[in-house]
Amino acid sequence: MALTVKHLNSDASFLLSFEPVIPESIAESVIPRPFTILLDPWITGPSTIFHPRLSTTSHKHPACIPSLAELSQPPDVVIISQHKPDHCNEATLRQLPAGGTTLILAEPASARLIRSWKYFDKKKIRTIERWEDPRITGKQSVIRIPVPPSHPGSGQEGEVTVAFIPQKRDLAGLHGAIGITYRAPSTHDPTTQASLVRVLTPPSTPEAQKSTDADAKQSAKRDTFLLPPTPPVSPTATAPITPSSLRLSRPISLVFSPHGIQYSSLSHYATSHLVAEAALPLTALLHCMDSISNPWWLGGNICAGVPYGAEIASKLGARLWISAHDGEKDVRGLATGLLKTHRWRDEEIESALQSGLGSVGDGRKLGQDSGHEKTRSVRKPNTEILRLKCGEEILVSGTGQLWRTNASDASCQRAI
């Protein structure tokens, strides 16, 4: 499997393309179609909050495409993480066909706003409810989308899951995350693949196998968005892990948090859903790196930056950390005059990843020494830190290998 992340603007708009790996034996007969997800598209116009005199934000540099109509294909899914106009931009979203096939998934406030425009077919707009731990509630709060096989009859369908995880006690409603996993459709004969799965992940009891088989037979009859957790395809902790098994089976996982989120608000999602999907370590973290704040009476913490992101990347073993919401913008208005921005240098981010602590308990910035920190062993982080330019993209394979495409020359690729 492979994930391509393309930065569409200088802010938080990304195009995700998920693709299965096609075996050489059927490569000539199967042309894989990527499953595409568009995150927080803001391509045109300013972003105004309440009133232009209060807060107006504009791009300093144009997006890499003038319109969503310029995409090579309509996205399969659009995800909106919050209702502010630099994330839920009406002028940009109206560039999509009103009656198209694109499914729009939005957190609750954004979904209400989009429905109020009366532009899209309401059946194409789905609310991503607040994620709650199913181990406590007994209910599933993730949206599940089937991914059809690349060729009819070539294997089993895959699945994309989407979850909205808000931060606790966040009065401004800025700090939350979208969790995404992608399990590719099988490109092998279903019976062969089933045999492989049974070898890699033997059931703990005969009853567990019977339950899994029964669930599989009934899956086609159920509402796609209410399916129970999919049994992990990749090896469990007790099974031997080999590069070939990871390349074939391990799902891709991504967390998108443009304003940042505390790891404590994300940890239950990781230890329940991502573990159940066998989607750890995390493939990619799209999280702000800059720390931006206002006085408390103007919103306080706007972008959490490195103190939050470093802890997430370290604890979830993220292969990639891509800067989100950190580009240069023209910001004007009465509510923006007191903004304070700290732009973290790469060496500071590396230090933060090495500590893996996020923010220190007494409020000091990462990188400052304390007696406790001196006793910790320093390790080289495995997370690649990237600040993609507008139009630039990165491809990460199922084995973690990276290729970066220059924004100025789409045909020029280099391995990282």
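Whatever comes next refers back to the structure up there.
Residues numbered from 1 in each chain as written. Predicted model: local features only at pLDDT ≥ 70, side-chain atom pairs only at ≥ 80, totals over all residues. Heavy atoms only, no water.

Trainee: Explain the overall build of the protein residue by residue, including any values.
Mentor: Across its full length, the protein holds ten helices and 22 strands. For the protein, with 416 residues in total, the buried portion stands at 50%. Within the protein, contacts between residues at least 6 apart in sequence are counted, and of these 69% link residues at least 24 apart. When the accessible surface of the protein is split by element, carbon and sulfur atoms take 54% of a total near 20200 Å². (Helix = DSSP H or I, 4+ residues; strand = E, 2+ residues; numbered from the N terminus. Buried < 20%, exposed > 50% of the residue type's maximum accessible area, 1.4 Å probe, protein only. Contact = heavy atoms within 4.5 Å. Areas by Shrake-Rupley, 256 points an atom, 1.4 Å probe, with all protein chains shown as cover.)

Trainee: How would you explain the nonpolar core if you had to name every residue and give the values?
Mentor: Core analysis: the biggest nonpolar cluster contains 38 residues, and Leu-16, Ile-37, Ile-79 and Ile-180 have the highest contact counts within it. Not counting residues within four places of it along the chain, the set of residues in contact with Ile-37 comprises Phe-14, Leu-15, Leu-16, Phe-18, Val-77, Ile-79, Val-160 and Ile-180. (Core = buried A, V, L, I, M, F, W, Y, C linked by side-chain atoms within 4.5 Å.)

Trainee: Requested: an account of the layout of surface pockets, with residues and values cited.
Mentor: It is a probe the size of a water molecule, rolled over the atoms, that shows where empty space is left. By volume, the second largest pocket amounts to about 810 Å³. Lining of the second largest pocket is provided by 32 residues; of these, Ile-49, Ser-55, Ile-302, Thr-336 and Leu-339 occupy positions nearest its centre. The set of elements that each furnish at least two residues to the lining of the second largest pocket consists of strand E15 (301–303) and strand E17 (329–332). Looking at the lining of the second largest pocket, its residues break down into 13 nonpolar, ten polar and nine charged. (1 Å grid on protein atoms, 1.4 Å probe; cavity = no way out; pocket = protein on both sides within 12 Å on 5 of 7 lines; lining within 4 Å. Points joined across faces, edges and corners; volume = space filled by probe spheres on them. Nonpolar A, V, L, I, M, F, W, Y, C, P; charged D, E, K, R; others polar.)

Trainee: Describe the pattern of salt bridges, listing the residues and the values that go with them.
Mentor: When charged atoms on two side chains of opposite charge get close, those side chains can pair. All chains considered together, the criterion is met by eleven salt bridges. Salt-bridge contacts for Asp-290 lead to Arg-343; the nearest nitrogen and oxygen are separated by 2.3 Å. Remark: Arg-343 occurs in the loop between strand E18 (340–342) and helix H9 (346–355) and Asp-290 occurs in the loop between strand E13 (284–287) and strand E14 (291–293); sequence separation between them is 53 residues. A residue is classified by how much of its surface remains accessible, and Asp-290, at 2% relative accessible area, is buried. Classification of Arg-343 by relative accessible area gives partly exposed; the value is 49%. Here Arg-404 ties to Glu-392 by a salt bridge, and the two come within 2.9 Å at their closest N and O atoms. (Salt bridge = Lys/Arg side-chain N within 4 Å of Asp/Glu carboxyl O.)

Trainee: Now, about a nonpolar patch on the surface: what can you tell me, with residues and values included?
Mentor: Together, Phe-50, Leu-54 and Leu-334 line one region of the surface with nonpolar side chains, adding up to about 390 Å² of accessible area. Along the polypeptide, Phe-50 turns up in the loop between strand E4 (47–48) and strand E5 (56–59). (Patch = residues over 30% accessible without salt bridge, like charges linked within 9 Å, V, L, I, M, F, W, Y side chains within 5 Å.)

Trainee: Break down H9 for me, with residues and values.
Mentor: Turning to H9, its buried residues are Ile-349, Ala-352, Leu-353 and Ser-355. Along the axis of H9, the buried positions cluster into a sector of 165°, meaning they face one direction only. Close packing links the buried residues of H9 with helix H8 (306–315), strand E16 (320–323) and strand E19 (384–386). (Arc of directions from axis to C-beta.)

Trainee: Go over the sheet that holds E4 with me, naming the residues and quoting the values.
Mentor: Pairing within the open sheet is antiparallel, and its three strands lie in the order E4-E5-E17. With one partner strand each, in any of the chains shown, E4 and E17 form the two edges of the open sheet. Inspection of the sheet shows E4 paired to E5 by two bridges, in the antiparallel sense. If you follow Thr-48 over to E5, its bridge partner there is Thr-56. (Pairing = 2+ DSSP bridges.)

Trainee: Any chance you could break down the side chain of Arg-250 for me, citing the residues and the numbers?
Mentor: Here Arg-250 shows up in the loop between helix H6 (243–249) and strand E12 (252–257). Glu-277 is the oppositely charged side chain nearest to the buried, salt-bridge-free Arg-250, at an N-O distance of 11 Å. Engagement of the side chain of Arg-250 in a polar contact is seen with the backbone oxygen of Pro-281, the distance being 2.9 Å. (Lys, Arg positive; Asp, Glu negative; His and termini not counted. Polar contact = N/O pair within 3.5 Å; in protein donor to acceptor, adjacent residues only side chain to side chain.)

Trainee: Explain H8 to me, and be specific about the residues and the numbers.
Mentor: Burial runs high along H8: nine of the ten residues are buried. Structurally, H8 contributes buried residues whose contacts are with helix H7 (263–276), E13, E14, E15, E16 and H9.

Trainee: Residue-level account of the sheet that holds strand E9 (residues 143–147), with values.
Mentor: In space, the seven strands of this open sheet follow the order E9-E10-E11-E12-E13-E16-E19, with mixed pairing throughout. Each edge of the open sheet carries a strand with a single partner, namely E9 and E19. For this sheet, the mean inter-axis angle between neighbouring strands, taken without regard to orientation, is 15°. With four bridges joining them, E12 and E13 adopt parallel strand pairing. Bridging across to E13, Phe-256 finds its partner in Leu-286. (Axes fitted to C-alpha atoms, helices over the stretch in contact; angles between N-to-C directions.)

Trainee: I'd like a description of the side chain of Ser-81, backed by residues and values.
Mentor: In this fold, Ser-81 is placed in the loop between strand E6 (77–80) and helix H1 (90–93). Among the polar contacts listed, one links the side chain of Ser-81 to the side chain of Asp-40, at a separation of 2.6 Å. Contact partners of Ser-81, with chain neighbours within four places excluded, come to Asp-40, His-87, Glu-107, Phe-164, Ile-178, Phe-256 and Pro-258.

Trainee: Let's hear about the packing of H8 against H9: which residues, and what values?
Mentor: At their nearest, the axes of H8 and H9 sit 8 Å apart, and the two run at 50° to each other. With respect to H9, the axis of H8 lies oblique. Considering the relative orientation of H8 and H9, their crossing is right-handed. Counted together, Val-306, Ala-310, Ala-313 and Ser-314 of H8 and Ile-349, Ala-352 and Leu-353 of H9 form the full contact between these two elements. Considered class by class, the residues forming the contact of H8 with H9 number six nonpolar, one polar and no charged. (Parallel < 35°, antiparallel > 145°, perpendicular 65-115°, else oblique. Left-handed = near helix turned anticlockwise from the far one by under 90°.)

Trainee: Account for the environment of Thr-56, with residues named and values stated.
Mentor: Inspection of the secondary structure puts Thr-56 in strand E5. Spatially, the C-alpha atom of Thr-56 lies 9.4 Å from that of Leu-334, the residues being 278 residues apart in sequence. Beyond its immediate chain neighbours, meaning those up to four positions away, Thr-56 contacts Pro-46, Ser-47, Thr-48, Asp-330, Val-331 and Arg-332.

Trainee: Break down the pairing of strand E21 (residues 402–405) for me, citing the residues and quoting the values.
Mentor: Regular strands show a simple pattern: their side chains alternate between the two faces of the sheet. Summarising the sheet, strand E20 (residues 393–397) and E21 pair through four bridges and their orientation is antiparallel. Opposite Ile-394, over in E21, you have Arg-404 as the bridge partner. Between E20 and E21, which pair antiparallel and follow one another directly, the connecting turn spans four residues, one of which, Gly-400, has a positive phi of 90°.

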